[in-house]
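Below are the chains, spelled out letter by letter.
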Amino acid sequence: MKEKNTACFHYIATCKMGLESTVSLQLRQLGALEVEAKDARVLFSGDADLLARALLWLRTAERVLLQVGTFPATTFDALFEGTKALDWKRYLPRDAFIHVNGKSAKSALFSVSDCQSIVKKAIVEKLKAAYRTPTVPETGAEVIVEVGLLRDEATLVLDCSGAGLARRGYRTWNVAAPLSETLGAGIVMLSQFHKHRRLIDPMCGSGTMPIEAAMIAGNRAPGLNRDFAAEKWHFIDQAVFATAREQARDVANYEPVEIEGSDIDARNIDICKKHAKKAGVMLKWAVRPVKELRVETGPGVIVCNPPYGERLLSPREVKMLYRDMRGVFDDALGWQTNILAAGHGFEQLYGKRADKRRKLSSGGMACTLHQYFK
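Residues numbered from 1 in each chain as written. Predicted model: local features only at pLDDT ≥ 70, side-chain atom pairs only at ≥ 80, totals over all residues. Heavy atoms only, no water.

1. Details of the sheet that holds strand β8 (residues 198–201)
The criterion, for reference: Two strands are counted as paired when DSSP detects at least two bridges linking them. The way it works is that DSSP assigns letters per residue, a run of H or I at least four long becomes a helix, a run of E at least two long becomes a strand, and they are numbered from the N terminus. Interaxial angle, 0 to 180 degrees, is taken between N-to-C directions of lines fitted to C-alpha atoms, where a helix line uses only the stretch in contact. What makes two residues a contact is simply this: any of their non-hydrogen atoms within 4.5 Å.
Taken in spatial order, the 7 strands make up an open sheet running β10-β9-β8-β11-β12-β14-β13, and their pairing is mixed. A single partner strand is all that each edge strand has here, and the edge strands are β10 (284–287) and β13 (356–362). On average, adjacent strands in this sheet sit at an angle of 20° to one another, irrespective of strand direction. In terms of strand pairing, β8 meets strand β9 (residues 259–263) through 3 bridges, oriented parallel. Considered in β9, the bridge of Leu199 is made with Ile259. Of the strands in this sheet, β8, β11 (300–304), β12 (335–342), β13 and β14 (365–372) are in contact with helix α6 (residues 181–190), which crosses β13 at around 170°.

2. What about the pattern of salt bridges?
For the record, the criterion: One side-chain nitrogen of Lys or Arg within 4 Å of one carboxyl oxygen of Asp or Glu is enough to make a salt bridge. Using a 1.4 Å probe on the protein chains alone, a residue whose accessible area is under 20% of its type maximum counts as buried, one over 50% counts as exposed, and one in between counts as partly exposed.
One pass over the structure, following the stated rule, counts 15 salt bridges. Across the pair Lys120 and Glu138 runs a salt bridge whose closest N-O atoms are separated by 3.5 Å. With a gap of 18 residues between them, Lys120 in helix α5 (residues 112–131) and Glu138 in the loop between α5 and β6 (142–150) connect regions that are remote in the sequence. Using a relative accessible area of 25% as the deciding quantity, one classes Lys120 as partly exposed. A relative accessible area of 22% places Glu138 in the partly exposed class. Because the salt bridges share partners, they merge into one network encompassing Arg326, Asp330 and Lys352.

3. As for the nonpolar core
Put simply, the test is: To form a nonpolar core, buried Ala, Val, Leu, Ile, Met, Phe, Trp, Tyr and Cys residues must be joined to one another through side-chain atoms within 4.5 Å.
Counting 66 residues, the largest nonpolar core has Leu27, Leu66, Leu79, Trp88, Leu156 and Leu158 as its most contacted members. Setting aside its immediate chain neighbours within four residues, Leu27 contacts Ala13, Ala32, Val35, Val42, Phe44, Ala54 and Leu58. Of all hydrophobic cores here, the second largest spans 31 residues; its members include Leu179, Leu199, Cys272 and Leu340.

4. Remarks on the packing of helix α4 (residues 76–84) against α5
Here is the rule we go by: For any pair of crossing helices, the crossing counts as left-handed if the nearer helix is rotated counterclockwise from the farther one by less than a right angle, and right-handed if it is rotated clockwise.
For the pair α4 and α5, the least separation of the axes is 8 Å and the interaxial angle reads 35°. Seen along the crossing, α4 lies across α5 with a hand that is right-handed. On α5, the residues that touch Phe76, Leu79, Phe80, Thr83 and Lys84 of α4 are Asp114, Cys115, Ile118, Val119, Lys121, Ala122, Ile123, Glu125 and Lys126.

5. Things to note about unusual backbone geometry
Cis geometry is adopted by the peptide bond preceding Pro299, which originates at Gly298 and carries an omega value of 20°. Mapped onto the elements of the fold, Pro299 is located in the loop between β10 and β11. Residues other than glycine seldom take positive phi values, yet Arg151 does so here, at roughly 50°. Take Arg151: it is sitting in the loop between β6 and β7 (153–159). Phi is positive for Asp152, which is not a glycine, with a value near 65°. Residue placement: Asp152 occurs in the loop between β6 and β7.

6. Describing the packing of aromatic side chains
What counts is decided by this rule: In this scheme Phe, Tyr and Trp rings, the latter by its six-membered ring, pair at centre separations within 6.5 Å, and the angle between planes marks the pair as stacked below 30 degrees, edge-to-face above 60, and tilted otherwise.
Evaluation of the coordinates by the stated rule reveals 8 aromatic pairs. For the pair Tyr91 and Phe235, a centre-to-centre distance of 5.2 Å together with 85° between the ring planes defines the contact as edge-to-face. Of the two residues, Tyr91 is situated in the loop between α4 and β5 (97–105) and Phe235 in the loop between α7 (208–217) and α8 (239–251); the sequence distance between them amounts to 144 residues. Side by side, Tyr91 and Phe235 carry an identical accessibility label, which is buried. The interplanar angle of 75° and the centroid separation of 4.9 Å between the aromatic rings of Tyr322 and Phe346 together place this pair among those described as edge-to-face. Of this pair, Tyr322 sits in helix α10 (residues 315–330) while Phe346 sits in helix α11 (residues 346–350), placing them 24 residues apart in sequence. Grouping residues by exposure puts Tyr322 and Phe346 together as buried. Through pairs of rings, three or more aromatic residues link up here, namely Phe9, Tyr11, Phe44, Tyr91, Trp233 and Phe235.

So, in structure tokens, the structure goes:
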């Protein structure tokens, strides 16, 4: 069997802060090895088959990166030599169009643009020597290399994803302050929703959480209807992606689910219906203010991402909305409530301490998922 079919690689799955546990769980279920959660990322290892499955199935990861190498770098010379010492011929063809992204935190090398230029120069020099050619024409497919510097440790990776994994392909129309697909899926997973429980999002916006919940209930791979950067890599057997997609289609189910999204804005519900159709899920939608929500006795799960002052509503409107939410949710017997809110004053305005809290991030803004159990 060819090396590219069996080789084990080291990967990094990046994610929003607070979702490391959901990414780790998914990776272990997929058969990943050496799974280790760190701040906003999860390290793991596996072969090309695992990479294809991870790209298709990870619901709460932002990107998957293949680690080429890591080394200490406190000077530009160290960065150049460390980069050049890596086996770039294994990963890049003679004509690769090399695009370098970068980031730096708590490191002596803080000029990201300079680090990108040095890494690009080192890779080109290594490829010229490896392929015994005076130039690297860069006429081939683009390969995105990322250099990350953290506490003077340089990590060089290839971006396996291309477009971020939040790009499922179903969300075409936007509403004000939309919730990302990865965060929406994360909140649903943290609520411990499963296909035998009901779920309601009474402030559903563009429909992200109900749609993600339906995909979870139907065992649908979120990345099934898109492609990935790694599919163009010469050292990965492209058959693994076709196999992974075929397997994903085989395990999907289309049983009816008890999932509903509602919103006070009729335009939002029209958008939800379009997104659900593109995602291939059948859900219930209703135009309704949250104060009119009435549910039968549970078990069930309520998830919501209410608007707040910094986004859409005035402080007075927020206070009135939280009062309405409290009145409705307290009457929802047997329903677990999960409310994503920004700032530190939610519980005071809502009038009830959460049973559990989890720090998350939405659009770069610190948020907290407040969970109430019954």
